[in-house]
Amino acid sequence: TDADADADADADADADADADIEEPWMPTQGTWTVQSSVLTIDECGLQDVVNRGEPGTTLALSGADGAFNMLFEAGENVACEVNDDFDFTCSPTSTIDSTATDMGMDADIPVVIQTEGYFMDENAMWMESVVDIDCAGPACGLIQILLGTSFPCTMAMASDLVID
């Protein structure tokens, strides 16, 4: 009977060790909707063309093990990580805005977006996206006049989101 007691104690110790492994905290996966937003920086003067973070816009959140992706309505996919304090940071994304080429102009408009924020709980978050915009090419002067802006410039949008 003494050998049985030792085997039972070993089995209990193994079960306790497994119970101590905690899964990283994760927000609820699914479709999140912007409830409110504010343009916190607008050096560009382009508030009428912001397509991310406006109330009613959505993103799809999915992930596991403390890492998640946010797929925005406009098609941008952002990879993020959440820490033990429910703060998250995302890898910057870089794209070339098509405004210049759509207008038949010889210029590229590189756009870099950095997103970070925090979760109030698994169903509510605050995030801010900082957007750096520049222009390269001979038509940049004309584009600045047409858009009423100057490059480089920065915009930032802070938004509150909840899961549907």
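Structure: above.
Reading the values: rules and limits
- Residues numbered from 1 in each chain as written.
- Predicted model: local features only at pLDDT ≥ 70, side-chain atom pairs only at ≥ 80, totals over all residues.
- Heavy atoms only, no water.
- Helix = DSSP H or I, 4+ residues; strand = E, 2+ residues; numbered from the N terminus.
- Contact = heavy atoms within 4.5 Å.
- Areas by Shrake-Rupley, 256 points an atom, 1.4 Å probe, with all protein chains shown as cover.
- Patch = residues over 30% accessible without salt bridge, like charges linked within 9 Å, V, L, I, M, F, W, Y side chains within 5 Å.
- Salt bridge = Lys/Arg side-chain N within 4 Å of Asp/Glu carboxyl O.
- Buried < 20%, exposed > 50% of the residue type's maximum accessible area, 1.4 Å probe, protein only.
- Disulfide = S-S within 2.5 Å.

**Comments concerning the overall build of the protein**
Argument step 1. Helix and strand content of the protein: three helices and nine strands.
Argument step 2. In sequence order, the secondary structure elements of the protein are arranged as α-β-β-β-β-β-β-α-β-β-α-β.
Argument step 3. Restricting to contacts in the protein with at least 6 residues of sequence separation, those with at least 24 account for 59%.
Argument step 4. When the accessible area of the protein is evaluated, it comes to approximately 9,300 Å², of which 50% is carbon and sulfur surface.

**As for a nonpolar patch on the surface**
Argument step 1. There is a patch of nonpolar side chains on the surface, built from Met103, Leu142, Ile145 and Leu146 and spanning about 410 Å² of accessible area.
Argument step 2. Among the structural elements, Leu146 can be located in helix α3 (residues 140-147).

**A look at the environment of Ala64**
Argument step 1. Structurally, Ala64 is set in strand β2 (residues 58-64).
Argument step 2. Along the backbone, Ala64 and Pro24 are 40 residues apart, and their C-alpha atoms lie at a distance of 8.2 Å.

**Notes on the side chain of Ser129**
Argument step 1. For Ser129, the location among the structural elements is in strand β8 (residues 124-133).
Argument step 2. Of the residues examined, Ser129 reaches a relative accessible area of 5% and is grouped as buried.

**Describing the state of the cysteines**
Argument step 1. Taken as a whole, this structure holds three disulfides when the rule is applied.
Argument step 2. The partner cysteine of Cys44 in its disulfide is Cys153, sulfur to sulfur 2.0 Å. Its S-S torsion of about 110° marks the bond between Cys44 and Cys153 as right-handed, since a negative value means left-handed. You can see Cys44 sitting in the loop between β1 (30-42) and β2 and its partner Cys153 sitting in strand β9 (residues 153-163), a full 109 residues away along the chain. For the residue pair Cys44 and Cys153, the accessibility class agrees, reading buried in each case.
Argument step 3. Two residues share a disulfide in this structure: Cys80 and Cys90, whose sulfurs sit 2.0 Å from each other. Classification of the bridge connecting Cys80 and Cys90 rests on its S-S torsion, roughly 95°, and on that basis the disulfide is right-handed. Remark: Cys90 occurs in strand β5 (residues 87-90) and Cys80 occurs in strand β4 (residues 77-82); sequence separation between them is ten residues.

**As for the environment of Gly53**
Argument step 1. Secondary-structure assignment places Gly53 in the loop between β1 and β2.
Argument step 2. The exposure class assigned to Gly53 is buried, which follows from its relative accessible area of 5%.
Argument step 3. Distance from Gly53 to Phe72, taken between C-alpha atoms, is 9.2 Å for residues 19 residues apart in sequence.
Argument step 4. Non-local contacts of Gly53, meaning those with residues more than four positions away in its chain, are made with Val34, Ser37, Met157 and Ser159.

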